[in-house]
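# Analysis of the macromolecular model
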Amino acid sequence: MANLNKVTLIGRLTRDPEIKSFSNGGKVANVGFAVNNRKKNQQSGQWEDVPVWLDLKAFNRETGRKLADQIETVKKGQQIYVEGHLVLEEWTGKDDGAKKSKLVIYVDDFQYLEKREGGAAPAGARGGKSSSDETIEEVPF
């Protein structure tokens, strides 16, 4: 039986990426991310956005892409497109010794969907046009 673990999202960063560097030269960017689901309010009949709060992690790979370096340039509030996969992280709590876990999305690829502050394109990014003539910047991989 085949399995598929792939996530594609468009949303906004809820905080600036938090970067952690390791003594072996590795690097990870922890990113807060939110997407909205639409739900009809039963009382008012109006459609409302219901946020879904997610944690993303982007890694620099020893060979290949340096996603932590690239996503480090994204700032809180910016909209990006993300492709990734789900990982269940498990650990033992320091306070109570209880087993804890959470689902995290490990980033495999991402694209800028808005111009960065100041209008400058990220290093190595190419611009394109959407159907609404907004500038879309992509990170080449």
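Here's a quick rundown of the structure.

Conventions used here
Residues numbered from 1 in each chain as written. Predicted model: local features only at pLDDT ≥ 70, side-chain atom pairs only at ≥ 80, totals over all residues. Heavy atoms only, no water. Helix = DSSP H or I, 4+ residues; strand = E, 2+ residues; numbered from the N terminus. Buried < 20%, exposed > 50% of the residue type's maximum accessible area, 1.4 Å probe, protein only. Contact = heavy atoms within 4.5 Å. Areas by Shrake-Rupley, 256 points an atom, 1.4 Å probe, with all protein chains shown as cover. Phe/Tyr/Trp six-rings, centres within 6.5 Å; stacked < 30°, edge-to-face > 60°. Polar contact = N/O pair within 3.5 Å; in protein donor to acceptor, adjacent residues only side chain to side chain.

### Topic: the overall build of the protein chain
Within the protein chain, the secondary structure is distributed over one helix and eight strands. Walking the protein chain from its N terminus toward its C terminus, one meets helices and strands in the order β-β-β-β-α-β-β-β-β. Looking at the protein chain residue by residue over its 141 residues, the buried ones come to 29%. Within the protein chain, residue pairs in contact and separated by at least 24 positions form 52% of the contacts whose partners lie at least 6 positions apart. About 9500 Å² of surface is accessible on the protein chain, with carbon and sulfur atoms providing 47% of the total.

### Some points on the packing of aromatic side chains
Each aromatic ring pair is characterised by the separation of its centres together with the angle its planes make. This structure, assessed with the given rule, holds two aromatic pairs. Considering the side-chain rings of Phe110 and Tyr112, the 5.4 Å spacing of their centres and the 70° angle between planes classify their relative orientation as edge-to-face. A single burial state applies to Phe110 and to Tyr112, both of which are buried.

### Some remarks on the environment of Asn5
Locating Asn5 in the fold gives a position in the segment before β1 (7-13). Spatially, the C-alpha atoms of Asn5 and His85 are 5.4 Å apart, while their sequence positions differ by 80 residues. Looking at Asn5, its side chain comes within polar contact range of the main-chain oxygen of Leu86, at 2.8 Å.

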